[in-house]
Structure formats: C-alpha cells, structure tokens
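Per-entry structural report
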Amino acid sequence: MGNRVAREDFEWVYSDQPHADRRKEILAKYPEIKSLMGPDHRLKWIVCTMVAVQFLAFYLVKDLPWKWVMFWTYVFGSCINHSITLAIHEISHNTAFGNSRARWNRWFAIFANLPFGLPYSASFKRYHLDHHRYLGGDGVDVDIPTDFEGWFFCTRLRKLFWIMFQPLFYAIRPLCINPKPISHLELINVAIQLSFNTLLYWTCGAKPLVYMMMGSMLGMGLHPISGHFIAEHYMFLKGHETYSYYGSLNLLTFNVGYHNEHHDFPSIPGRRLPMVKKIAEEYYRDLPYYTSWVKVLYDFIMDDELSPYSRVKRRLTGDIKQE
C-alpha cells in the first residue's frame, strides 16, 4: 500500500478540448439532435420527490438507535444525497425550466440543496460552467486537482484517503485555484440552508442532522456512485480526457455516466443523452468507456500509474470569460 505512483505532473497538452469540434461535426451530420435540447419537464417532479423522501427519512430516523442511523445513512441517505447533487448538476444547465427561466433554475437548485445539508448549489453553477467552457484549463477548471493533491496523494493508501475525503477537497479546491467574489445568490443559498439545518435540529434533534450531513460526506467519498468523479476525466488511457460509463447506476444519477455525450451537448438533459449516443453511434462506439464505477475506484487506487496527476491540463490563451 506504500507504492508511489510514477506520475510527477499533469498531462499537459497544447490542443483544444475535443468536444466543441465533435459537437459541430455531429450537428452538421445529424441536425435532428437539436430537437433533444431544451428542458426536461420530468426533472422538477423527480427532484421534488427526492426532497420529500429525504424529509420523510429525517422524521423516521429521529428515534432510531445510533447504529441504525449510521446504517441507513450509508445504505440509503448517501445514495439519495449523491443523486441530489447530480440533480443540481442537471439544473445548473437550466434543464429544469429552460434557458428562458434561468432564475427559476437557480432558485430550484437552492430548494434541491436543502436535504444535502451543505450550501453549495449557487457556487457549483458558477464553477461548473467554467469546467465545460475551459475543460482542463490551468487556473480556471477547479475540477482539476491542485499540485499538492497530485504530489501528496501518490501511494495506494493516500489515494484511498483522498477518495474518502473527496467532498473536502472539492470544497477547498476553488479557493486555491480560482477564488471568486461571493455573489448575492451564494449568500442567500447559505442563509436558507443554515436556517433549514437549524429548524431541522430544533424540531427533530441531532440524528436527522447527522443522517443528512454524514450521508452527503459518505455518498461523495468511498461509495460506488462516487466512482463517476474518477471515471469522468482521469486519464486511464493516454490521449483520452473524457470517458463515458454505460452501467445501471445511470438510473440513479441522471445519466451522468454519458459523459462524452454530456460534454458534447451540455444543453441536452441527461434523460435524452442515450438518444444522442444512438443517433450518432459512430462517433462514440470507438471511445473508451466503463461499465463499473466500483472497478474504476479499485483500479485507480491499485494502479501505480494513476494518481490525481492523471488529468489532461492546458494553458488558456485569449479572452477568458468566466461565470
């Protein structure tokens, strides 16, 4: 478990990301894909159901023994809360109410954020759109680990620790790589979330609060669903910086596994991404993909060639317009 990985730096490239060119080619050949763009009207009802389920769970766990609180936190609450983060990811692309009602999407994301416990939806949108526009961009894309992460988490045991505490690194990383002034909506997000957390504690006690917060931490750490964090952009094969996953966990994650398709067409809701793959099948069939996020996590930890440094990175030139 003490073997050190071979990489000592990121994979620096001097080409543009592949998604913009592939999108142009696909749209030129299959213009009907444009009909897949636009809001997914089912999304808001699915999100409301998930939030309601977690509210019910808060009530049900308040009188359980602590051992059962922790059991249900990992087995159930962590899955729902991670799924909620991917619903917020969907909403960040305005797929709940459409681009014409962008403000509605932002307020709805704050509502979806409630059972997650940590106020992040407003900040996530600002940084995530940069990730799409400037994939791998040095100093802009905060999905890229810091140099410290790449240097320090260089053994199997340290990589295991890194995966377990991914939520912490995702929270701190923007402050190190690309800090932005706090927006008015972010302050509202924090105020609403803290008010909700306080109300939950006053009405139901500490156990629902632990269920909520620990569910979020565990679900985004060493958990089968969290394999998508590694699967999406870590360079398991040289020359490929985005990977799709075609497995059953897409049912819980709004098809975030269709990640090449998502970066090619970020305005298409997750529910319709399999249709993109079906229509433009020749563009995706030869790209590497995964069928197991658990295997992705195992391979990342055990393969001494892989580390947080296993990311494609590029220096940006010209005008950089951030959210």
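Placed above this text is the structure.
Residues numbered from 1 in each chain as written. Predicted model: local features only at pLDDT ≥ 70, side-chain atom pairs only at ≥ 80, totals over all residues. Heavy atoms only, no water.

Looking at helix α15 (residues 293–302), one finds that the buried residues are Trp 293, Val 296, Leu 297, Phe 300 and Ile 301. Viewed end-on, α15 has its buried residues packed into an arc of 125 degrees, placing them on one side of the element. Contacts from the buried residues of α15 go to α7 (156–164), α11 (227–233), β2 (244–245) and β3 (289–290). Capping of α15 at its N-terminal end is provided by Ser 292; its side-chain oxygen lies 3.4 Å from the backbone amide nitrogen of Val 294. (Buried < 20%, exposed > 50% of the residue type's maximum accessible area, 1.4 Å probe, protein only. Helix = DSSP H or I, 4+ residues; strand = E, 2+ residues; numbered from the N terminus. Arc of directions from axis to C-beta. Contact = heavy atoms within 4.5 Å. Polar contact = N/O pair within 3.5 Å; in protein donor to acceptor, adjacent residues only side chain to side chain.)

All right, on to helix α5 (residues 121–133) then. With 13 residues, α5 should reach 18 Å at 1.5 Å per residue; the first-to-last C-alpha distance of 19 Å fits that figure. With ten of 13 residues buried, α5 lies mostly within the body of the structure. Along α5, the positions that sit buried rather than exposed are Ser 121, Ala 122, Lys 125, Arg 126, Tyr 127, His 128, Leu 129, Asp 130, His 131 and His 132. (Expected span 1.5 Å × (residues − 1).)

What follows is about the layout of surface pockets. Computed from the structure, the largest pocket encloses a volume of approximately 1,200 Å³. As for the largest pocket, its lining consists of 38 residues, of which Tyr 120, Phe 124, Tyr 170, Ala 171 and Pro 174 are closest to the centre. Listed by contribution, the elements that provide at least two residues to the lining of the largest pocket are α3 (66–92), α5, α8 (166–177), α9 (184–204), α11 and α12 (259–264). A per-class count over the lining of the largest pocket returns 22 nonpolar, ten polar and six charged. One number sums up the size of the second largest pocket: a volume of about 520 Å³. (1 Å grid on protein atoms, 1.4 Å probe; cavity = no way out; pocket = protein on both sides within 12 Å on 5 of 7 lines; lining within 4 Å. Points joined across faces, edges and corners; volume = space filled by probe spheres on them. Nonpolar A, V, L, I, M, F, W, Y, C, P; charged D, E, K, R; others polar.)

Across soluble globular proteins, nonpolar side chains have a tendency to be buried as a group. Among the nonpolar cores identified, the biggest contains 41 residues, and Val 47, Ile 91, Trp 162, Ile 230, Trp 293 and Phe 300 are the most heavily contacted of them. Per element, the largest residue contribution to this core is six residues, and it comes from α3. (Core = buried A, V, L, I, M, F, W, Y, C linked by side-chain atoms within 4.5 Å.)

This paragraph deals with the environment of Gln 193. Mapped onto the secondary structure, Gln 193 falls in helix α9. Once the C-alpha coordinates of Gln 193 and Asp 16 are considered, the two residues, 177 residues apart in sequence, prove to be 38 Å apart. Look past the residues within four positions of Gln 193 in its chain and what remains in contact with it is Asn 113, Leu 114, Gly 117, Leu 118 and Pro 119.

Attention now goes to the pattern of salt bridges. Per the counting criterion, the structure on display carries 16 salt bridges. Between Asp 40 and Arg 271 there is a salt bridge, and its shortest N-O distance comes to 3.2 Å. Taken together, the residues span a long stretch of sequence, with Asp 40 in the loop between α1 (19–29) and α2 (43–61) and Arg 271 in the loop between α12 and α13 (273–279) at a distance of 231 residues. Of the charged contacts, one joins Glu 241 and Arg 314 as a salt bridge, the two residues approaching to 2.9 Å between their closest N and O atoms. Here Arg 314 lies in the segment after β4 (312–313) and Glu 241 lies in the loop between α11 and β2, a separation of 73 residues in the sequence. Arg 314 sits in the buried class, given a relative accessible area of 6%. If you follow the salt bridges from partner to partner, you end up with Arg 7, Glu 11 and Lys 238 in one network. (Salt bridge = Lys/Arg side-chain N within 4 Å of Asp/Glu carboxyl O.)

Take it as geometry only, folks, not as evidence of what the structure does.
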